[in-house]
Each structure stands twice: as C-alpha cells, then as structure tokens.
Amino acid sequence: MKINSVGLLVLFALILGNSGAVFAAERKTPNAPEEFLKMTNPVALTPEALQEATASYKDKCIKCHGTNGNGKGSATKGMDVKPRDYTDKSVMEKIPDGQLFWIILYGSDPDTTEMEGYKKKYTEEQVWKLVHFIRSFAP
Ligand code: HEC
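Residues numbered from 1 in each chain as written. Predicted model: local features only at pLDDT ≥ 70, side-chain atom pairs only at ≥ 80, totals over all residues.

Enquirer: Can you help me understand the overall build of the chain in this one?
Expert: Within the chain, the regular secondary structure consists of seven helices and zero strands. For the chain, the α and β elements follow one another from N to C terminus as α-α-α-α-α-α-α. Here the chain, with 139 residues, has 17% of them falling under the buried criterion. Nonlocal contacts in the chain, meaning residues at least 24 apart in sequence, comprise 63% of its contacts between residues at least 6 apart. (Helix = DSSP H or I, 4+ residues; strand = E, 2+ residues; numbered from the N terminus. Buried ≥ 20, exposed ≤ 12 C-beta atoms within 10 Å, placed from the backbone. Contact = placed C-beta atoms within 7 Å.)

Enquirer: Can you help me understand the site of the ligand in this one?
Expert: Neighbouring residues of the ligand: 25 residues in total, closest T29, C61, C64, S108 and M115. Contributing elements (two or more residues each) for the shell around the ligand: α3 (47–60), α4 (62–65), α6 (97–106) and α7 (124–135). For the shell around the ligand, the per-class residue count stands at 13 nonpolar, five polar and seven charged. (Near = placed C-beta within 6 Å. Nonpolar A, V, L, I, M, F, W, Y, C, P; charged D, E, K, R; others polar.)

Enquirer: Is there a simple way to think about α7 in this case?
Expert: Owing to its 3.6 residues per turn, the α-helix aligns residues three or four sequence positions apart on the same side. For α7, with twelve residues, the first-to-last C-alpha span of 17 Å sits near the 16 Å given by 1.5 Å per residue. Residues V127, W128, K129, L130, V131, F133 and I134 constitute the buried set of α7. Of the surrounding secondary structure, the elements contacted by the buried residues of α7 are α3 and α6. (Expected span 1.5 Å × (residues − 1).)

Enquirer: I'm lost on the packing of α6 against α7 in this one. Help?
Expert: Think of two packed helices as two axes; the pair is described by the angle between the axes and how far apart they sit. Contact geometry for α6 and α7: axes closest at 9 Å, N-to-C directions at 125 degrees. Taken as axis vectors, α6 and α7 run oblique relative to one another. Crossing of α6 against α7: the hand is right-handed. Packed against α6, whose contacting residues are D97, L100, F101, I104 and L105, the element α7 presents V127, W128, L130, V131 and I134 at the interface. (Axes fitted to C-alpha atoms, helices over the stretch in contact; angles between N-to-C directions. Parallel < 35°, antiparallel > 145°, perpendicular 65-115°, else oblique. Left-handed = near helix turned anticlockwise from the far one by under 90°.)

Enquirer: How should I be thinking about the nonpolar core in this particular structure?
Expert: Considering soluble globular proteins, one finds that nonpolar side chains tend to be buried as a cluster. Of all hydrophobic cores here, the largest spans 14 residues; its most connected members are L100, F101, I104, V127, L130, V131 and I134. If you list the elements that add at least two residues to this core, you get α6 and α7. The biggest single contributor to this core is α7, with six residues. Apart from the residues within four sequence positions on either side, I104 is in contact with Y118, V127 and L130. (Core = buried A, V, L, I, M, F, W, Y, C linked by C-beta atoms within 7 Å.)

Enquirer: Got a minute to help me understand the environment of N68 in this structure?
Expert: One can find N68 in the loop between α4 and α5 (89–92). Separated by 70 residues in sequence, N68 and A138 have C-alpha atoms that sit 9.7 Å apart. With sequence-adjacent residues up to four places away left out, N68 is seen in contact with T87 and F137.

Shape descriptors only; they carry no functional weight alone.
As structure tokens, then:
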C-alpha cells in the first residue's frame with residue numbers, strides 16, 4: 001500500500017486523538033446515599049450565613065473553584081477532571097442540595113479528582129452555609 005504525506009498526517013492525527021481519549025480521565029462523581037439526596041438545606045439563607053461562607057470559600061475553595069465559581073481557579077491547570085461551572089444554572093439545577101453537602105463533607109472520587117472531604121474542618125452547619133454560597137453563583 002502506498003501512503004502519501006497527507007495520509008501519514010491523517011494517520012498520525014488519528015493515533016494522537018485516540019491516545020488522548022484513552023488517557024483523559026472521565027468525571028466519576030459518586031452519588032450521595034439516598035438519605036442525603038432527600039435533604040434540603042436546614043440553615044436559613046441570611047447575609048451573615050453567606051458572609052461566613054464567603055470567608056471559608058476564599059480560604060479553602062477559591063483556588064480550584066474560582067473567584068466567581070466558574071471552576072477555573074488557578075490550581076486547576078493540568079487537572080483532568082475540573083470542577084463544574086457553578087455559574088451555569090442548567091448544571092446546578094440538576095444537583096440536589098444533599099449531593100453538594102455530601103461531596104463537601106466526604107469528597108469526590110479520589111482517583112480522578114482532587115476534591116477532598118472537609119468533614120474534619122467544618123461543622124455540618126458551616127457546610128450547609130457553603131452550599132448556600134455555591135448556589136448564589138447561579139441565582
Ligand atoms: C484542589 C482543588 C479543589 C479544592 C481546594 C476544592 N475543590 Fe471542590 N471540587 C474540585 C473538583 C475537581 C471537583 C469535581 C469533582 C467531580 O466532579 O467529581 C469538585 C467538586 C465539588 C463539589 C461537588 C459538586 C459537583 O460539581 O458535582 C462541591 C459541592 C465542591 N467541590 C465544593 C467545594 C468547597 C465548598 C470547597 C472548599 C471548602 C472545595 N470544593 C474545595 C476541586 C476542588
């Protein structure tokens with residue numbers, strides 16, 4: 001078989017494209033247990049609650065989740081699985097409060113993401129305030 005240089009380029013591009021697909025990690029966010037998915041935020045949405053959560057967010061979350069929650073924080077460069085865009089209402093509508101709460105407490109898939117659990121750092125009340133704050137990116 002005769003292959004010309006265009007053919008070779010196409011072949012090369014195909015090989016490159018395929019290996020990319022093999023190595024790029026897929027998002028494998030685990031689902032919270034049923035009892036969490038049923039939960040609604042028990043903490044009142046007040047300016048004080050949001051203010052407290054803003055401070056926690058700036059301290060621990062902003063480097064990945066970004067200033068406005070778009071998931072493009074400075075620490076995400078080179079990450080295979082990046083945080084989702086919390087400014088996108090169509091994304092946030094599909095994620096229940098209890099799922100957000102559970103992931104903040106226990107973390108996401110440790111093999112594919114760098115989202116750790118914050119159960120040791122924050123009380124449940126503080127985590128619910130963070131859930132309010134995250135929702136405020138896509139009002
Ligand atoms: C080192 C980077 C990093 C830090 C720091 C970090 N996150 Fe994440 N977070 C991620 C990534 C990446 C994901 C996506 C995980 C997935 O989709 O499975 C994620 C997912 C989440 C989710 C799950 C919602 C979803 O997208 O399905 C919530 C809620 C969340 N993070 C909140 C926080 C909060 C609150 C903090 C700070 C207390 C924080 N994160 C700190 C990287 C980070």
